[in-house]
Amino acid sequence: MADPLPRANHGGAGTAGVAGGYVTVPDTDQALDGLDRTARAVGNGEHQPGIFVWRMRRALVFTRREARLPGFARAASPMASSGWPVSVRGSGGGACAVGPGTVQIALVFPRPRDGVSLDSVYHALATPILITISEFGVKAEIARVPRSFCSGRYDIAVEGRKIAGLAQQWHGPAGRGGYVIAAASVIIDEDPAELAAAINSFADICDGVQRCSAGAITALAREAREMGNGTDLPSQFSVRLRNTAAATSFSFAAGLGRQSQIDPDQHRRAHPVSGLRTLRNIRSGRQVASIVRGEPA
Amino acid sequence: MAEIRIPDDLWDTAEVPEGVVANWFFADRGQVPKGATVAEITVEKTSFDIVSPESGRLRIVVPKDGIVLPGTLIGQIEDG
């Protein structure tokens with residue numbers, strides 16, 4: 001079955017050399033709809049579990065709870081007019097600003113019957129992000145960043161500033177079409193002040209949307225000392241993230257009873273297990289490292 | 001009678017103290033089919049569907065916006 005998630009090649013040099021990889025910049029609603037369709041197909045056994053990495057155009061993405069706020073529609077129209085169209089996602093948390101300078105990643109697998117905790121899924125998703133960030137010479141950690149947007153226990157932070165946010169959606173019944181989407185947005189090359197200003201502008205109109213501070217947010221472009229091979233940073237990050245995620249998160253998805261579409265040997269050759277050193281420095285590293293080795297979570 | 005409970009090991013309360021019932025999709029005392037998504041809880045930026053284990057009449061124990069922990073009984077399915 002072809003990937004429902006659109007894979008139009010953005011043409012960036014960063015996509016070269018990644019067999020089967022894709023970096024896309026579709027409409028945000030199109031991307032979220034495609035992700036939902038893919039997840040339903042995974043839940044129904046029509047599509048293998050997998051990791052998806054993509055980019056999107058500029059948008060504000062809200063939760064369903066926020067979309068039910070009385071002022072939501074009133075705020076959405078002027079924001080769209082000012083270059084920030086609004087979309088709604090199924091996972092929890094709060095408002096999130098995305099753009100071509102952010103990279104999205106989703107781990108999608110059939111909903112397990114039991115024995116899998118939300119925490120283990122968060123760690124499985126955070127691990128490749130932390131490893132990939134470290135490849136640019138930046139040390140990140142899992143830590144809540146209180147004044148950032150969409151703040152949560154599993155924020156990824158660089159010296160107290162949020163660089164990535166994670167969220168999950170566990171949908172439907174296990175064994176009968178249910179699925180899990182664990183998704184993250186990583187800020188690679190966006191201006192934190194612009195991201196914060198967009199969310200705060202919406203919050204000024206719509207009560208119930210949390211305001212945030214630009215000082216609590218950062219981007220890899222601001223932190224990285226090793227900028228890679230000269231191609232644009234979001235493309236570089238996307239390619240590296242997908243390869244790392246395939247090597248680390250593949251075992252997690254495969255251990256839930258289905259085989260991933262990604263060949264683990266191909267990606268383990270591309271990414272030596274030296275990344276495990278980083279895993280052991282992460283809280284609950286023993287658990288995450290066992291996930292990489294393919295042991296049950 | 002069947003119980004609707006939050007899975008015992010769903011999250012580590014040392015990391016995240018509690019969750020909340022975000023929504024009930026059926027009314028109290030309403031008829032619910034087996035396997036239907038009856039509620040949604042929110043825990044640490046995760047939306048988690050709760051599925052009815054049996055068909056029957058729903059009795060809501062923890063209402064919308066109520067606090068939940070792993071193992072919390074949030075509802076029951078009664079015969080009829």
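Conventions we followed
- Residues numbered from 1 in each chain as written.
- Chains lettered and ligands numbered in written order.
- Predicted model: local features only at pLDDT ≥ 70, side-chain atom pairs only at ≥ 80, totals over all residues.
- Heavy atoms only, no water.
- Core = buried A, V, L, I, M, F, W, Y, C linked by side-chain atoms within 4.5 Å.
- Buried < 20%, exposed > 50% of the residue type's maximum accessible area, 1.4 Å probe, protein only.
- Contact = heavy atoms within 4.5 Å.
- Helix = DSSP H or I, 4+ residues; strand = E, 2+ residues; numbered from the N terminus.
- pLDDT = per-residue confidence, 0-100.
- Pairing = 2+ DSSP bridges.
- Polar contact = N/O pair within 3.5 Å; in protein donor to acceptor, adjacent residues only side chain to side chain.
- Buried area = accessible area lost by both parts, 1.4 Å probe.
- Salt bridge = Lys/Arg side-chain N within 4 Å of Asp/Glu carboxyl O.
- Nonpolar A, V, L, I, M, F, W, Y, C, P; charged D, E, K, R; others polar.

A:Ile129, A:Ile156, A:Leu220 and B:Ile41 are the most contacted members of the largest nonpolar core, which totals 59 residues. Leaving out residues up to four positions away in the same chain, A:Ile129 has contacts with A:Ile105, A:Ile156, A:Ala164, A:Leu166, A:Ala184, A:Val186 and A:Leu241. Counting 41 residues, the second largest nonpolar core, distinct from the first, contains A:Val61, A:Leu69, A:Val86 and A:Ile187.

What follows is about unusual backbone geometry. Of note, A:Glu159 is a non-glycine position whose phi angle comes to about 50°, a positive value. Of note in the backbone geometry, B:Glu44 takes a positive phi value of approximately 45° without being a glycine. Along the chain, the position of B:Glu44 falls in the loop between strand 4 (37–43) and strand 5 (46–51). Among the residues examined, B:Glu44 registers a relative accessible area of 14% and is labelled buried.

Here we take up the confidence of the model for chain A. Residue and element names in this part refer to chain A. Looking at chain A as a whole, its pLDDT mean stands at 78, while 72% of the residues score no less than 70. In the model of chain A, helix 9 (residues 275–280) stands out as the element of lowest mean pLDDT, 28, in contrast to strand 7 (residues 156–158), which has the highest, 97. Contacts for the low-pLDDT stretch residues 257–297, under 50 throughout, to residues beyond four places or in other chains number 75 contacts.

On to the sheet that holds strand 8 (residues 73–78) of chain B, then. All names here are of chain B. A sheet is described by the order of its strands in space; here four strands give the open sequence 1-8-6-3, paired in antiparallel fashion. Since the sheet does not close on itself, it has two edges, and those belong to strand 1 (2–5) and strand 3 (31–32), each with one partner. Pairing of strand 1 with strand 8, which is carried by four bridges, proceeds in the antiparallel orientation. Bridging across to strand 8, Ile 4 finds its partner in Gly 75.

Residue and element names in this part refer to chain A. Structurally, the position occupied by Phe 72 is in helix 3 (residues 72–81). Take Phe 72: its relative accessible area is 10%, and that puts it in the buried class. Along the chain, Phe 72 and Ala 246 lie 174 residues apart, while their C-alpha atoms are 37 Å from each other. Leaving out residues up to four positions away in the same chain, Phe 72 has contacts with Phe 62, Glu 66, Ala 67, Val 86, Val 88, Phe 202 and Cys 206.

Our next topic: the side chain of B:Lys45. As for its placement among the helices and strands, B:Lys45 is situated in the loop between strand 4 and strand 5. On the basis of relative accessible area, B:Lys45 is assigned to the buried category, the value being 6%. Reaching out from B:Lys45, the side chain makes a polar contact with the backbone oxygen of A:Cys150 at a distance of 2.7 Å. A polar contact of 3.2 Å, which involves the side chain of B:Lys45, links it to the backbone oxygen of A:Leu166. Beyond its immediate stretch of four places on either side in the chain, B:Lys45 contacts A:Gly92, A:Gly93, A:Tyr122, A:Cys150, A:Ser151, A:Gly152, A:Asp155, A:Lys162, A:Gly165, A:Leu166, A:Ala167 and A:Gln168.

On to the interface of chain A and chain B. Contact residues are listed per partner, giving 32 residues for chain A and 19 residues for chain B. Summing the contributions of chain A and of chain B, the shared interface buries around 1,900 Å²; its carbon and sulfur component is 43%. Between the two partners, chain A and chain B, sit four salt bridges. Here A:Arg64 and B:Glu40 are joined by a salt bridge, their closest N and O atoms 3.0 Å apart. At the boundary of chain A with chain B, the tally comes to 20 residue pairs in polar contact (both at pLDDT 80 or more). Of all the secondary structure elements, the ones that give two or more residues to the side of chain A that touches chain B are helix 4 (118–134) and strand 8 (161–171) of chain A. Here the element with the most residues in the side of chain A that touches chain B is strand 8 of chain A; it accounts for eight residues. In terms of residue class, the side of chain A that touches chain B is built from nine nonpolar, 13 polar and ten charged. Note that strand 8 of chain A and strand 5 of chain B share three bridges and pair parallel. By the bridge assignment, A:Trp170 is partnered in strand 5 of chain B with B:Phe48.

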